Amino acid sequence: EMELKLEAARAEAAAEEVAELIAEHDREAVAMAEDHAHALNKFEVELRAKDREHAEVVARAEANAKEAAERARALEAAHAAEVARLELRQAGDLEKHLAGHQRAHAQEERVADLEAEAGRAEAAHARALEDLKAEHKAALAAHEAAQEDGAARALAAEREQQAEQLEAAAAVAAKQQ
């Protein structure tokens, strides 16, 4: 009986020890569960903060990308406008250059026309001079011929006058006889 009591006391002590171990295990489990819940809450809070931070980073990146795209479009438009202005300026310069070439070509043609006209006028002048020399020569020859003819006529007139005088003198002499 004593042994049963001792056995019962040992069993009771072991049961108490087991109950104590179970209670301690339960307390540890509760503490671990509380720690786990606390860590989980903390993780969720941090996760939400990270999500917000990530969303803000994404929003900023999207805004920056949109702004960069707008700047790129503005730069592209400005560049296109500058290229167009340069092309217009070059076209104007080319047009002026071509117009200058055309004016120079027209002036060269005008100079060539004037030179040709001067050549024709010079040739005409030379021909006119030759014609004038020929006319002068002919006039001189005609003048000389006229002078000779005039001298011959004067001589003939003088001889005719002398003959008339001789006839008159002969008539006077015949009357006197």
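Before going into details, it helps to say that this report is about the structure given with it. All values derive from a computational prediction rather than experimental measurement.

Cut-offs applied
- Residues numbered from 1 in each chain as written.
- Predicted model: local features only at pLDDT ≥ 70, side-chain atom pairs only at ≥ 80, totals over all residues.
- Heavy atoms only, no water.
- Helix = DSSP H or I, 4+ residues; strand = E, 2+ residues; numbered from the N terminus.
- Rg over C-alpha atoms; globule rule 2.2 N^0.38 Å.
- Buried < 20%, exposed > 50% of the residue type's maximum accessible area, 1.4 Å probe, protein only.
- Areas by Shrake-Rupley, 256 points an atom, 1.4 Å probe, with all protein chains shown as cover.
- Lys, Arg positive; Asp, Glu negative; His and termini not counted.
- Charge placed at Lys NZ, Arg CZ, Asp CG, Glu CD.
- Patch = residues over 30% accessible without salt bridge, like charges linked within 9 Å, V, L, I, M, F, W, Y side chains within 5 Å.
- Salt bridge = Lys/Arg side-chain N within 4 Å of Asp/Glu carboxyl O.

**Here's the deal with the overall build of the chain**
Part 1 of the argument: The number of helices and strands found in the chain is one helix and zero strands.
Part 2 of the argument: For a compact globule of 177 residues, the expected C-alpha radius of gyration is about 16 Å, and the chain comes in at 73 Å, more than 25% above that figure.
Part 3 of the argument: Dimensions of the chain, computed from C-alpha atoms along their principal axes, come out at roughly 250 × 20 × 5 Å.
Part 4 of the argument: Burial statistics for the chain: of 177 residues in total, 0% are counted as buried.
Part 5 of the argument: Within the structure as shown, the chain displays about 15,700 Å² of accessible surface, and the carbon and sulfur contribution to it stands at 59%.
Part 6 of the argument: Side-chain charges in the chain split into 23 positive and 41 negative, and the spacing between the mean points of these groups amounts to 9 Å.

**Observations concerning a nonpolar patch on the surface**
Part 1 of the argument: Together, Leu40, Phe43 and Leu47 make up a nonpolar patch on the protein surface, roughly 280 Å² of accessible area in all.
Part 2 of the argument: Following the sequence through the fold, Leu47 ends up in helix H1 (residues 2-176).

**As for the environment of Leu155**
Part 1 of the argument: Note that Leu155 resides in helix H1.
Part 2 of the argument: Looking at Leu155, the relative accessible area reads 39%, which means it is partly exposed.
Part 3 of the argument: For the pair Leu155 and Ala63, spaced 92 residues apart in sequence, the C-alpha to C-alpha distance is 133 Å.

**Overview of a negative patch on the surface**
Part 1 of the argument: A cluster of like negative charges, contributed by Glu108, Glu109, Asp113 and Glu117, occupies part of the molecular surface.
Part 2 of the argument: In this fold, Asp113 is placed in helix H1.
Part 3 of the argument: The class of Asp113 is partly exposed, set by a relative accessible area of 45%.

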